[in-house]
Amino acid sequence: MKWLGNVLVSPGEGGVYGERTLDGYRVWDPYRSKLAALYTLGGGVELTPEIRVLYLGAANGTTVSHVADYVETVYAVEFAPRPMQDLLEVARRRRNIVPIMADANRPEEYAPFMEAVDILYQDVAQPNQVEIAERNLPFLKPGGHLILMLKTRSVDVRREPAEVLAGARAGLEEHLDVTDVRWLDPYHHDHAAIVCSRRG
Ligand SMILES: C[S@@+](CC[C@H](N)C(=O)[O-])C[C@H]1O[C@@H](n2cnc3c(N)ncnc32)[C@H](O)[C@@H]1O
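Residues numbered from 1 in each chain as written. Predicted model: local features only at pLDDT ≥ 70, side-chain atom pairs only at ≥ 80, totals over all residues. Heavy atoms only, no water.

## As for the site of the ligand
Stated formally: Proximity is defined per residue: any heavy atom of the residue falling within 4 Å of a molecule or strand makes that residue near it. Pairs of N or O atoms within 3.5 Å make up the polar contacts considered here, provided that, within protein, one atom can donate a hydrogen while the other can accept it, and that residues adjacent in sequence are counted only when both atoms are side-chain atoms. Using the Shrake-Rupley algorithm and a 1.4 Å probe, accessible areas are obtained, with residue cover drawn only from the displayed protein chains. Throughout, the ten residues Ala, Val, Leu, Ile, Met, Phe, Trp, Tyr, Cys and Pro are labelled nonpolar, Asp, Glu, Lys and Arg are labelled charged, and all others, Gly among them, are labelled polar.
The environment of the ligand is made up of 16 residues, and the closest members are Tyr55, Thr63, Glu78, Ala104 and Gln126. Within the side chain of Glu78, an N or O atom sits 2.6 Å from an oxygen atom of the ligand. Contact distances for the ligand include 2.8 Å between a nitrogen atom and a side-chain N or O atom of Asp103. Within the complex, the protein chains bury 83% of what would otherwise be the 610 Å² of accessible surface of the ligand. Grouping the constituent residues of the shell around the ligand by class yields 7 nonpolar, 5 polar and 4 charged.

## A word on the sheet that holds strand β9 (residues 140-151)
Here is the rule: Only strands joined by at least two bridges in the DSSP assignment are considered to pair. Only runs of H or I of at least four residues qualify as helices and only runs of E of at least two qualify as strands under DSSP, and these elements are numbered from the N terminus. Orientation is described by lines fitted to C-alpha atoms, with helices fitted over the stretch in contact, and by angles between N-to-C directions that extend from 0 to 180 degrees.
Read from one edge to the other, the open sheet built from 7 strands follows the order β7-β6-β5-β8-β9-β11-β10, with strand pairing classed as mixed. Every interior strand has two partners, whereas the edge strands, β7 (97-101) and β10 (176-183), have only one. When strand polarity is set aside, the average angle formed by the axes of neighbouring strands in this sheet is 15°.

## Section: the side chain of Asp118
Applicable threshold: The rule is simple: take the accessible area with a 1.4 Å probe, protein chains only, and divide by the maximum for that residue type; under 20% is buried, over 50% is exposed, in between is partly exposed. Contact definition: two residues touch when any of their heavy atoms are within 4.5 Å.
Here Asp118 shows up in strand β8 (residues 117-122). Residue classification places Asp118 among the buried positions, given a relative accessible area of 19%. One polar contact links the side chain of Asp118 to the main-chain amide nitrogen of Arg52, over a distance of 2.8 Å. At a separation of 3.0 Å, a polar atom in the side chain of Asp118 contacts the side chain of Lys141. Non-local contacts of Asp118, meaning those with residues more than four positions away in its chain, are made with Glu50, Ile51, Arg52, Leu140, Lys141, Gly144 and His145.

## Quick look at the side chain of Arg94
Tracing the sequence through the fold places Arg94 in the loop between α3 (81-93) and β7. Leave out the neighbours within four places in its chain, and Arg94 touches Gly12, Glu13, Val16, Arg26, Ser65, Ala68 and Asp69.

## Section: the pattern of salt bridges
The following threshold applies: A side-chain nitrogen of Lys or Arg and a carboxyl oxygen of Asp or Glu constitute a salt bridge if their distance falls within 4 Å.
Inspection of the entire model under this criterion finds 17 salt bridges. Put simply, Asp118 and Lys141 hold a salt bridge, and the shortest N to O gap is 3.0 Å. Taken together, the positions of Asp118 in strand β8 and Lys141 in strand β9 put the pair 23 residues apart, joining distant regions of the chain. Of the residues examined, Lys141 reaches a relative accessible area of 29% and is grouped as partly exposed. Here Glu173 ties to Arg169 by a salt bridge, and the two come within 3.1 Å at their closest N and O atoms.

## Remarks on the environment of Gly61
As for its placement among the helices and strands, Gly61 is situated in the loop between β5 (52-56) and α2 (62-70). Those residues in contact with Gly61 that sit more than four places away from it in its chain are Leu87 and Val90.

## Notes on the UniProt feature "binding site: S-adenosyl-L-methionine" (unreviewed entry) in the chain
To keep it simple, the criterion reads: UniProt positions are given in the numbering used here, feature names are shortened, and annotations may be inferred rather than shown by experiment.
In the numbering used here, UniProt assigns the feature "binding site: S-adenosyl-L-methionine" (unreviewed entry) to Thr62, Thr63, Glu78, Phe79, Asp103, Ala104, Asp123, Val124, Ala125 and Gln126. When you line up the elements, Thr62 lands in helix α2. Residue class for Thr62 comes out buried when judged on its relative accessible area of 13%. A polar atom in the side chain of Thr62 sits 2.9 Å from the side chain of Asn60. Of note, Phe79 is situated in the loop between β6 (73-78) and α3. Taking relative accessible area as the criterion, Phe79 reaches 47% and is therefore assigned partly exposed. If we skip the residues at most four places from it in the chain, Phe79 touches Met101, Ala102, Asp103 and Gln126.

Take a look at the structure:
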């Protein structure tokens, strides 16, 4: 990852969503992106030019655009029409983004467009976040990484966030090795990042 001092940046053409630039690099703000928060807190998986990413919950492509600055290809799945319009605009300016309008609960719908990926990144505020990740695991290469941004309040607002996190972790451990778990405070409240690797 590229840092200028303690500022995370990415090496692409600027002006995607009004982000600041610094010394010709795009500033990747941890308050606007959970993935940037994870890196800023010292976690995450290094993004390199040969990596392929399946990104679930692409929204308007803010974080997707930074990931695309680092990796070979980003398959970006989003099911809501409005953010999809913005994502298409971002994809017009980044040749390595494949926008896919689909429900991440139904990976069979985009399986024909997919190849195996090194990173499965998920940021969908849904009650069944762990189940969605599990359904998409067949796309992840052995040894590849899942980065799941867990929004605990979307799973169950009545339970303690730590309890929701423990449940999600236990579910993922049935299929994967959990390598890192951390809360994204102070950047994103009630959000935790769970990083796992797929057994080889
Ligand atoms: C918190 S936002 C993602 C923000 C984005 N990852 C970023 O950092 O710029 C969650 C997005 O997931 C999308 N989403 C939620 N459930 C989904 C599903 N089942 N399939 C595809 N997209 C979904 C929502 O429409 C929303 O745009």
